[in-house]
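Remarks on the overall topology
Here is what each chain is made of, one letter per residue.
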Amino acid sequence: MTRTGTALGAAWPSMLAVAHASGWSTALTALHAAVGPGVVVLGPAGHALVPDEVAETADRLRQGEWEWAPADTVEHLDTGVPGLTGLRARRPVDAVRVPEARSWATALVGLRLGLSYRLLEGALRYLDRRHTGDVVLLQHSVVKSAVADVVMEQLQVRCALDGAGPDGLDAPAVADLHTQVTAVDRAGVRLLGAHGYVEGGPGSAVYVSELLADAYRAGTGPTSGGFSE
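All figures in this text were calculated on a predicted structure; none of them were measured in a lab.

Points about the confidence of the model for the protein chain
For residues with low pLDDT, the predicted coordinates do not support detailed interpretation. On average, residues of the protein chain score 88 in pLDDT, and 91% of them are at 70 or above. pLDDT under 50 marks residues 1-7. Its contacts with residues more than four places away, or in other chains, come to 15 contacts. Note that residues 220-229 has pLDDT below 50 and, in this model, 26 contacts with residues that lie over four places away or in other chains.

Now the structure itself:
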């Protein structure tokens, strides 16, 4: 049986903008909602990361071109991040075919890039308030160089996303961009020194971003069916 009329994913520019302005919780809520009301998208191995409220209200799970009701096929996991729930599920035998949200994976990269922009802006504000002697940290040549490297890497990711078509980028390209965003975020956290690793600080959003890349990376293989009600 095929279910028609389902939204085909999300546009990466809108996900970038939401993540940049509002952070990971609002952006993740919007990203899953773009596929359909009450839908949570699973990665290739059957994992998802969603805000707590989304996990509690989800009534459909989507993996590739398959969709089903959670029922007893889903397990809630503790991520260690306040407000973020992990889900693990296996596709049941009664799942239905739906149009695949092919642009969704690319939109997730856009979301992560938006979080990266947010991280860099926070780092720049922090560095602009810190001094070594009479000199603002942001004015040091070593710091300027590190900031420039982060900006250039972000621009490269943005240029790659600009080349995406309506169906998004292919899986290898998405995987490469996830790797690049992870590297640039780690460099961004280092700009903050010890402040970047304080519990609940800027590093927390970077951790969430990396978890997203792990949960939705291609190459882990789809979870096969076999569950029945």
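Okay, back to it.
What to know about the pairing of strand β6 (residues 84-89)
Consecutive residues of a regular strand have side chains that alternate between opposite faces of the sheet. By the criterion of burial, β6 is predominantly enclosed, with five of the six residues buried. One ladder, built from five bridges, connects strand β2 (residues 47-51) with β6; its direction is antiparallel. Bridge assignment links V50 to a residue of β6, and that residue is T85. When strand β5 (residues 74-78) meets β6, the two strands line up antiparallel, connected through five bridges.

Examining the pattern of salt bridges
Using the criterion set out here, one finds seven salt bridges in the structure. In this structure, R158 engages D162 in a salt bridge whose closest nitrogen and oxygen atoms are separated by 3.8 Å. Taken as a pair, R158 and D162 lie in helix α5 (residues 141-162) at a separation of four residues, close to a single helical turn. Overall, R158 belongs to the partly exposed group, its relative accessible area being 29%. R186 is the partner of E210 in a salt bridge, and the nearest nitrogen-oxygen pair spans 2.8 Å. Residue E210 is located in helix α7 (residues 202-216), and its partner R186 is located in helix α6 (residues 171-190); the two are separated by 24 residues in the primary sequence. What makes E210 buried here is its relative accessible area of 19%. Under the relative-accessibility criterion, R186 is labelled partly exposed at 44%.

Each value, and the rule that gives it
- Residues numbered from 1 in each chain as written.
- Predicted model: local features only at pLDDT ≥ 70, side-chain atom pairs only at ≥ 80, totals over all residues.
- Heavy atoms only, no water.
- pLDDT = per-residue confidence, 0-100.
- Contact = heavy atoms within 4.5 Å.
- Buried < 20%, exposed > 50% of the residue type's maximum accessible area, 1.4 Å probe, protein only.
- Helix = DSSP H or I, 4+ residues; strand = E, 2+ residues; numbered from the N terminus.
- Pairing = 2+ DSSP bridges.
- Salt bridge = Lys/Arg side-chain N within 4 Å of Asp/Glu carboxyl O.

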